[in-house]
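Read off the chains here:
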Amino acid sequence: MARPASALRGHILESALQLFATRGYEGTSLHDIATTVGCSKASLLYHFTSKEAILTELLTPAGEGLAALDARLLDLDGRAATEAAVTGYVDLAMRFRREIKILFEDIPGMTTHPALGSIPGTVDRLLDAFAGRSKAARDVVAAYMVLGAVFVTGASDVDVPDQELRDELVRGALRTLAPASRTSAPAPAPAQDSDSDSD
């Protein structure tokens, strides 16, 4: 018995997402997707004109989510911007973990994919919100650390239940972004000059 068209389309997307996340976009063929789904390549091409069309449909919700977060952050400043940016970004990372794995495979190529919108501008505004709109070096560096750490963790197979992982990501990010007066970490020691030796 044939599956309804919408069910087959959904199964194609789910299978492609799983294959792209485990084998990489470049390492997955249309034949691989069709075989996993249990349909012919012709049936797959009836629903999607190309592998790129499948990728676009898979990445569009993540791009829309990032754009919505960007819009929510526009009028926030200070700690409110930081907290909203962290929770929103972590929630996106948790929701789109497999898509992040696909992005992680080819960051320069994937982050310019049309389905993701204007990633560089959005990332700059997200970093600004993480930093609480501060230009202080400590806040800017901490913002970059959070951006990278959440992205890498989202792309990893961390053996922690999703809700606990989300909570720890938010807690760790907010701790990293806490104002210097509220953190107990000592200032880092000056860098050692590589040319100097101990006597």
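Just so it is clear, the structure is predicted and the values come from calculations on it, not from any experiment.

Draft legend 1. Expanded view of the overall build of the chain. Counting its regular elements, the chain contains ten helices and zero strands. When the helices and strands of the chain are placed in sequence order, the string is α-α-α-α-α-α-α-α-α-α. In the chain, the share of contacts with a sequence separation of at least 24, taken over all contacts with a separation of at least 6, comes to 72%. In the form shown here, the chain has an accessible surface area of approximately 11200 Å², with 57% of it arising from carbon and sulfur atoms.

Draft legend 2. Fine view of the pattern of salt bridges. Applying the stated criterion to the full structure yields 14 salt bridges. A salt bridge links arginine 79 to glutamate 83; its shortest N-O distance comes to 3.4 Å. Placement of both arginine 79 and glutamate 83 in helix α5 (residues 78-95) is noted, with a separation of four residues, approximately one turn of the helix. Judged by its relative accessible area of 38%, glutamate 83 is partly exposed. Across the pair arginine 171 and glutamate 168 runs a salt bridge whose closest N-O atoms are separated by 2.7 Å. In this pair, arginine 171 and glutamate 168 both sit in helix α10 (residues 162-177), three residues apart, roughly one turn of the helix. A residue is classified by how much of its surface remains accessible, and glutamate 168, at 40% relative accessible area, is partly exposed. One connected set of salt bridges, linked through shared partners, spans Asp77, Asp128, Arg133 and Lys135.

Draft legend 3. Seen up close, a nonpolar patch on the surface. Judged by side-chain polarity, Phe104, Ile107 and Val152 come together as a nonpolar surface patch covering roughly 240 Å² of accessible area. Turning to its location among the elements, phenylalanine 104 is positioned in helix α6 (residues 97-105).

Draft legend 4. A look at the packing of aromatic side chains. Inspection of the entire model under this criterion finds three aromatic pairs. Each ring, one from phenylalanine 20 and one from tyrosine 25, has its centre 5.1 Å from the other, and the planes form 70°; the classification is edge-to-face. Ring plane angle 40° and centroid distance 5.5 Å describe the contact between phenylalanine 104 and phenylalanine 151, whose orientation is recorded as tilted. Of this pair, phenylalanine 104 sits in helix α6 while phenylalanine 151 is found in helix α9 (residues 137-155), placing the two residues 47 residues apart along the sequence. Lying over the aromatic face of tyrosine 25, lysine 51 brings its terminal NZ or CZ to 4.3 Å of the ring centre.

Draft legend 5. Quick peek at α9. Its 19 residues place the ends of α9 27 Å apart at the C-alpha level, agreeing with the 27 Å of an ideal helix rising 1.5 Å per residue. All of the buried residues along α9 are Asp139, Ala142, Ala143, Val146, Leu147, Val150, Phe151, Gly154 and Ala155. In this structure, the buried side of α9 is in contact with α5, α6, α7 (107-110), α8 (119-130) and α10.

Rules used throughout
Residues numbered from 1 in each chain as written. Predicted model: local features only at pLDDT ≥ 70, side-chain atom pairs only at ≥ 80, totals over all residues. Heavy atoms only, no water. Helix = DSSP H or I, 4+ residues; strand = E, 2+ residues; numbered from the N terminus. Contact = heavy atoms within 4.5 Å. Areas by Shrake-Rupley, 256 points an atom, 1.4 Å probe, with all protein chains shown as cover. Salt bridge = Lys/Arg side-chain N within 4 Å of Asp/Glu carboxyl O. Buried < 20%, exposed > 50% of the residue type's maximum accessible area, 1.4 Å probe, protein only. Patch = residues over 30% accessible without salt bridge, like charges linked within 9 Å, V, L, I, M, F, W, Y side chains within 5 Å. Phe/Tyr/Trp six-rings, centres within 6.5 Å; stacked < 30°, edge-to-face > 60°. Lys NZ or Arg CZ within 6 Å of the ring centre and 35° of its normal. Expected span 1.5 Å × (residues − 1).

That's the geometry; what it means functionally is another story.
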